[in-house]
Amino acid sequence: MDMLTTTARQLLLFAHTLAFAFAIVAVLREDVALLRARRVDADKLEATGRTITRLLGLLWLTGAALILLDIGLDWSALAHKPKLAAKLTVVSLLTANGLLLHWVVFPMLTKPQRSPGFASAVCAVVGAVSSVTWLFASFVGVARLIAPAMTYGGFLGLYGLSLAAGLIVSLAFVRPHIERLMLPRPAPEEEVEDALLSTFGPATSLLLDEGIRKAHAGQPAAYAEALAARVPAGMDDARALFLRRVAPVVESRF
């Protein structure tokens, strides 16, 4: 029976660790993608959300099974296991915050907002709580060396400090980017022309043509190529720079 229990614990721990690894990678990858985005990809956001929900569910199942094998139904034993109690608290916060992400933040990111400033602040706060809590959960999971010297209050105090730092960074640097994502996008032709202006400066007016603009309305790739074709010979480097600058605009429109 002991061998069976040990094998079960090892398999559950492996599944638990694997689920957590996939979940935190998905969270951090989506965070980076959002920071680099010029627009919000609603389908990708929803797909990532569904993936993380499934992985969080698997974490609860495997974690609960490990706790039953460890302490059974004697919940008073948690008082003597501050690391385990802290982990349960953090995962509970992750679950509650995940509901906020799905019910509040995702709709804010994918639908027009009357007050982008307020909406972006809400998204930045909930997003910071999510990122910090996932990272802190990973810290608690590997905190074997310091666990004997830590109390439950010590773990929560450290989490509070981490969360405060994350909120300050998110509101100062991430919120403005999220607000820009929520603002109505200019026409694709205007974004192409902005790239042209940043490359050629005052000479931009010599390259623009209303007829070409109308002929390629709603077609940023074709419009960019048509403008690039008007760049005089001998300015190949500037033409290439313009096409590089306009590439993200073109890609974000598909």
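The rules behind these values
Residues numbered from 1 in each chain as written. Predicted model: local features only at pLDDT ≥ 70, side-chain atom pairs only at ≥ 80, totals over all residues. Heavy atoms only, no water. Helix = DSSP H or I, 4+ residues; strand = E, 2+ residues; numbered from the N terminus. Contact = heavy atoms within 4.5 Å. Core = buried A, V, L, I, M, F, W, Y, C linked by side-chain atoms within 4.5 Å. Buried < 20%, exposed > 50% of the residue type's maximum accessible area, 1.4 Å probe, protein only. Axes fitted to C-alpha atoms, helices over the stretch in contact; angles between N-to-C directions. Parallel < 35°, antiparallel > 145°, perpendicular 65-115°, else oblique. Left-handed = near helix turned anticlockwise from the far one by under 90°. Nonpolar A, V, L, I, M, F, W, Y, C, P; charged D, E, K, R; others polar. Phe/Tyr/Trp six-rings, centres within 6.5 Å; stacked < 30°, edge-to-face > 60°.

J.: Report on the environment of His-102, specifying residues and quantitative values.
T.: Tracing the backbone through its elements, the reader meets His-102 in helix α3 (residues 82–110). A sequence separation of 136 residues divides His-102 from Ala-238, and the C-alpha atoms of the two residues are 44 Å apart. If near-sequence neighbours (up to four positions away) are discounted, His-102 is found in contact with Gly-49, Arg-50, Thr-53 and Pro-107.

J.: How would you sum up the nonpolar core? Please name residues and give values.
T.: Counting 25 residues, the largest nonpolar core has Phe-20, Leu-59, Trp-134, Phe-155 and Tyr-159 as its most contacted members. At the level of secondary structure, the elements contributing two or more residues to this core comprise α1 (2–36), α2 (42–71), α3, α4 (116–141) and α5 (152–182). If sequence neighbours within four positions are ignored, Phe-20 has contacts with Leu-59, Trp-134, Ala-137 and Ser-138.

J.: Residues and numbers for the packing of α3 against α4, please.
T.: In the contact formed by α3 and α4, the axes pass within 9 Å of each other and the chain directions differ by 155°. By the angle between their axes, α3 is roughly antiparallel relative to α4. Between α3 and α4 lies a crossing whose hand is left-handed. Counting all contacts with α3, which are made through Lys-83, Lys-87, Val-90, Leu-93, Leu-94, Asn-97, Leu-100, Leu-101, Val-104, Val-105, Met-108 and Leu-109, the residues of α4 involved are Ala-119, Val-122, Cys-123, Val-126, Val-129, Ser-130, Thr-133, Trp-134, Phe-136, Ala-137, Val-140 and Gly-141. Partitioned by chemical class, the residues of the contact of α3 with α4 number 18 nonpolar, four polar and two charged.

J.: If you had to explain the packing of α1 against α4 to someone new, which residues and values would you point to?
T.: A pair of packed helices is captured by two measures, namely the crossing angle of their axes and the spacing between those axes. Where α1 contacts α4, the axes come no closer than 11 Å and their chain directions differ by 150°. Considering their axes alone, α1 and α4 lie roughly antiparallel with respect to each other. Crossing handedness for the pair α1 and α4: left-handed. Between α1 and α4, the contacting residues are Phe-20, Ala-23, Ile-24, Val-27, Leu-28 and Asp-31 on the first element and Ser-130, Ser-131, Trp-134, Leu-135, Ala-137 and Ser-138 on the second. When grouped by side-chain class, the residues that make up the contact of α1 with α4 number eight nonpolar, three polar and one charged.

J.: An account of the packing of aromatic side chains is requested, with residue identities and associated values reported.
T.: In the structure shown here, the tally under the stated rule is three aromatic pairs. Ring geometry for Phe-20 and Trp-134: centres 5.6 Å apart, planes at 45°, overall tilted. Here Phe-20 is found in helix α1, whereas its partner Trp-134 is found in helix α4, with 114 residues between them in sequence. The class of Phe-20 is buried, set by a relative accessible area of 19%. Residue Trp-134 is classed as buried on the basis of its relative accessible area, which comes to 4%. Within the aromatic cluster, the residues linked to one another by ring pairs are Phe-136, Phe-139 and Tyr-159.

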